[in-house]
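# An overview of the molecular structure
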Amino acid sequence: MRRMLIVGAGQSGLQLALGLQAHGYDVTLMSNRTADEIRTGRVMSTQCMFRTALQHERDLEINFWEEQAPRIQGLGVSVAGPVTPLGHPRLVDWLGRLNGYAQSVDQRLKMAGWMEAFERRGGRLVVHGAAVSDLNFLAERYDLVLVAAGKGELGSLFRRDAARSPYTTPQRALAVAYVHGLAPRLEHPDLEAVRCNLVPDVGELYIMPTLTTSGRADILFWEAIPGGPADVFQGVTDPSEHLALTLELMEWFTPWEYGRATRVELTDAGGTLSGRYAPTVRDPVGRLPGGGLVLGVADVVVTNDPLTGQGSNSAAKCAASYLASIVEHGDRPFDEAWMRRAFQRFWATARHVTKWTNAMLAPPPEHIVRLLGAAGQLPAVAHRFANGFDDPADFEHYFYEPDKTAAFLEEAEAGATEPSEAPDATRTDPADETADETAGEAAEQVG
């Protein structure tokens with residue numbers, strides 16, 4: 001039986017550990033916290049997982065919370081206009097329907113539950129904050145060492161890939177609050193949706209339904225341009241102050257969202273998070289002082305800004321890709337050549353995420369402004385953009401180059417004259433036909 005060591009108990013590390021376990025591998029998982037410490041700790045992310053990533057969990061039968069988590073049927077975009085004496089008006093507002101529902105499960109809930117399942121199934125869990133010296137000692141005792149925790153000392157094992165990392169500093173300052181009591185959007189009160197609010201020269205406000213340790217909740221997530229008017233959370237440690245700042249920014253920059261947030265309260269004392277980091281791609285192979293090699297996993301080697309909501313999705317896709325590469329390799333050695341092939345297989349998908357996210361961090365060019373505006377009148381445009389969150393590779397066909405954008409909009413405008421050809425966006429989930437009909441009605445009202 002081949003022996004695997006995985007360092008890190010996040011989405012990618014635990015999903016990969018459970019997948020290898022299901023295939024009969026002897027798996028050891030290292031975590032710097034116990035399941036109880038994770039469950040009762042601070043929120044870790046703003047995860048919203050789309051159809052493909054959710055299917056990877058279903059394939060391993062670890063989708064434990066699918067029946068409890070809100071089913072997100074749409075993704076909407078609003079764009080704020082220039083400031084007036086009453087604040088910022090809303091110039092653009094539309095909703096795109098998803099081909100299959102998305103879901104968000106608080107990682108405190110998910111990672112703690114997965115860790116306990118891993119142990120129940122016979123996995124070896126070591127609670128220890130691993131250092132390079134630990135891996136140097138352990139590497140020769142395992143057939144493969146995978147590093148799925150890149151903070152601190154372990155991150156130094158993987159060199160920055162300058163050619164794939166255009167940014168050297170953080171492009172957004174992140175501030176998250178999990179809340180109860182958010183009212184529905186008036187435009188689609190019966191439809192769960194992620195809402196992306198773009199405020200030029202300020203940043204973005206994302207709002208998404210989630211399942212947390214205390215039940216259904218919503219995530220309020222500011223992505224502030226560093227040094228801008230929404231970059232106000234640095235040094236804030238009091239959760240109540242964090243929420244108050246979140247709401248103040250909403251009242252001024254996104255009053256259409258603030259109107260439904262006047263009665264919110266934090267889900268718990270650990271329901272806030274803030275920070276910033278530079279998007280970075282790294283060499284996937286780390287070399288230990290003793291000569292042993294380790295393979296970096298997911299955001300250890302491909303770190304994107306959360307702006308496009310791809311963190312957990314990319315982590316799930318990386319775990320699935322690495323699992324396939326490991327199983328297909330059989331009993332052969334996991335040498336450096338294999339490690340680089342395994343990463344390239346993942347990068348074939350991840351590169352689209354990196355390209356799209358880095359593009360969205362920059363001020364939008366004129367053809368993208370036109371695209372986002374056109375989605376308000378053309379449901380086919382809203383539909384395609386929304387589903388790019390599941391498959392960012394599709395943006396290659398119409399997003400980056402002005403001539404491709406123009407051709408796509410011309411096609412969408414022509415199709416809008418024939419309603420029978422409008423996309424049927426949610427029929428891939430037969431069990432949700434009622435919810436799909438509601439999504440269609442909401443899309444028509446907003447569009």
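It should be noted that the structure appears before, not after, this text.
## Section: the overall build of the chain
The secondary structure content of the chain amounts to 13 helices and 16 strands. Taken against the 2.2 N^0.38 rule, which gives 22 Å for 447 residues, the C-alpha radius of gyration of the chain at 22 Å falls within 12% of a compact globule. The principal-axis extents of the C-alpha atoms in the chain amount to approximately 65 × 50 × 45 Å. Counting every position in the chain, which comprises 447 residues, the buried fraction comes to 57%. Pairs at least 24 apart in sequence give 77% of the contacts found in the chain among residues at least 6 apart. Entry remark: accessible area of the chain is about 18500 Å², with carbon and sulfur atoms responsible for 52%. Once the 40 positive and 59 negative side-chain charges of the chain are each reduced to a mean point, those two points are 6 Å apart.

## Describing helix 8 (residues 311–329)
The first and last C-alpha atoms of helix 8 sit 27 Å apart over 19 residues, in line with the 27 Å expected at 1.5 Å per residue. Among the 19 residues of helix 8, 14 are classified as buried, and the element is accordingly described as predominantly covered.

## Remarks on the sheet that holds strand 5 (residues 124–127)
Taken in spatial order, the six strands line up as 5-2-1-6-15-14 in an open sheet, and their pairing is mixed. Sheet topology places strand 5 and strand 14 (285–287) at the edges, where each strand pairs with a single neighbour. Taken pair by pair, the neighbouring strands of this sheet meet at an average axis angle of 25 degrees, ignoring direction. Here two bridges tie strand 6 (residues 144–147) to strand 15 (residues 293–296), and the two strands are oriented parallel to one another. Within strand 15, the position partnered with valine 147 by the bridge is glycine 296. Relative to strand 15, helix 9 (residues 336–361) is tilted by about 0 degrees, and along the sheet it contacts strand 6, strand 14 and strand 15.

## What to know about the pairing of strand 8 (residues 193–199)
Judged by how many residues are buried, strand 8 sits mostly within the fold: seven of seven residues are covered. Burial of the side chains of strand 8 extends over both faces: Ala193, Arg195, Asn197 and Val199 are buried on one face and Val194, Cys196 and Leu198 on the other. In the sheet, strand 3 (residues 72–80) pairs with strand 8 via six bridges, with the strands oriented parallel. Opposite valine 79, over in strand 8, you have leucine 198 as the bridge partner. Here five bridges tie strand 8 to strand 9 (residues 203–212), and the two strands are oriented antiparallel to one another. Residue asparagine 197 lies in a different strand from strand 9, and its bridge partner there is leucine 205. Between strand 8 and strand 9, which follow one another and run antiparallel, lie three residues, and aspartate 201 among them has a positive phi close to 70 degrees.

Thresholds applied
- Residues numbered from 1 in each chain as written.
- Predicted model: local features only at pLDDT ≥ 70, side-chain atom pairs only at ≥ 80, totals over all residues.
- Heavy atoms only, no water.
- Helix = DSSP H or I, 4+ residues; strand = E, 2+ residues; numbered from the N terminus.
- Rg over C-alpha atoms; globule rule 2.2 N^0.38 Å.
- Buried < 20%, exposed > 50% of the residue type's maximum accessible area, 1.4 Å probe, protein only.
- Contact = heavy atoms within 4.5 Å.
- Areas by Shrake-Rupley, 256 points an atom, 1.4 Å probe, with all protein chains shown as cover.
- Lys, Arg positive; Asp, Glu negative; His and termini not counted.
- Charge placed at Lys NZ, Arg CZ, Asp CG, Glu CD.
- Expected span 1.5 Å × (residues − 1).
- Pairing = 2+ DSSP bridges.
- Axes fitted to C-alpha atoms, helices over the stretch in contact; angles between N-to-C directions.

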